[in-house]
Amino acid sequence: MPGLLRGVARTAVVAGTATAVSNRVSRRQAGRWAQQDYEQQQQAAPPPAAQPVADEMTVKMDQLKQLADLKAQGVLTEEEFAEQKRRILG
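Conventions we followed
- Residues numbered from 1 in each chain as written.
- Predicted model: local features only at pLDDT ≥ 70, side-chain atom pairs only at ≥ 80, totals over all residues.
- Heavy atoms only, no water.
- Helix = DSSP H or I, 4+ residues; strand = E, 2+ residues; numbered from the N terminus.
- Rg over C-alpha atoms; globule rule 2.2 N^0.38 Å.
- Buried < 20%, exposed > 50% of the residue type's maximum accessible area, 1.4 Å probe, protein only.
- Areas by Shrake-Rupley, 256 points an atom, 1.4 Å probe, with all protein chains shown as cover.
- Lys, Arg positive; Asp, Glu negative; His and termini not counted.
- Charge placed at Lys NZ, Arg CZ, Asp CG, Glu CD.
- Core = buried A, V, L, I, M, F, W, Y, C linked by side-chain atoms within 4.5 Å.
- Contact = heavy atoms within 4.5 Å.
- Phe/Tyr/Trp six-rings, centres within 6.5 Å; stacked < 30°, edge-to-face > 60°.
- Lys NZ or Arg CZ within 6 Å of the ring centre and 35° of its normal.
- Expected span 1.5 Å × (residues − 1).
- Patch = residues over 30% accessible without salt bridge, like charges linked within 9 Å, V, L, I, M, F, W, Y side chains within 5 Å.
- Salt bridge = Lys/Arg side-chain N within 4 Å of Asp/Glu carboxyl O.

**Student:** Tell me about the overall build of the chain, residues and numbers included.
**Tutor:** The number of helices and strands found in the chain is three helices and zero strands. Secondary structure elements of the chain, listed N to C terminal, follow the sequence α-α-α. Taking 90 residues into account, the globule formula puts the C-alpha radius of gyration at 12 Å, and the chain, at 36 Å, lies well above it. Overall size of the chain, expressed as C-alpha extent along the three principal axes, is 110 × 20 × 10 Å. The proportion of buried residues among the 90 residues of the chain is 6%. Carbon together with sulfur atoms contributes 58% to the accessible area of the chain, which is approximately 7900 Å² in total. The averaged location of the 10 negative side-chain charges in the chain is 28 Å from the averaged location of its 12 positive side-chain charges.

Shown next, in the form of structure tokens:
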């Protein structure tokens, strides 16, 4: 009976140690993966809304230049030009 008890105890110690090591390795790997994901997200993230604002302003400037040309040609009156300018600049 003492030999059986010793074998069961040894098995319990080995299984407990294996479980503890496995859990530690899993937590370490999860931490590394989380760090890698975070770094990839930081590298892949584009600057927020920098380009669309520039594009929007470029479009508005082009529209205003076209209006100014139409006014200079006499196609638009001063009032029409002011109204269209107000709509573009919103």
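**Student:** Explain the nonpolar core to me, using residue names and the numbers behind them.
**Tutor:** In terms of nonpolar packing, the biggest core is built from five residues, these being Leu64, Leu67, Leu76, Phe81 and Ile88. Not counting chain neighbours up to four residues away, the residues in contact with Phe81 comprise Leu67, Ala68, Lys71 and Leu76.

**Student:** Let's hear about the packing of aromatic side chains: which residues, and what values?
**Tutor:** One pass over the full model with this rule turns up zero aromatic pairs. Sitting over the face of the ring of Phe81, Lys71 holds its NZ or CZ atom 5.0 Å from the ring centroid.

**Student:** Before we move on, could you go through helix H3 (residues 78-89) and cite the residues and values that matter?
**Tutor:** Helix length check: H3 (12 residues) gives 16 Å between terminal C-alpha atoms against 16 Å at 1.5 Å per residue, within 8%. Following H3 by one or two positions, Gly90 has its phi on the positive side, about 55°.

**Student:** Go over a positive patch on the surface, please, and point to the residues and values.
**Tutor:** A surface patch of positive charge is lined by Arg24, Arg27, Arg28 and Arg32. Take Arg27: it is sitting in helix H1 (residues 2-44). The exposed category is assigned to Arg27, whose relative accessible area is 58%.

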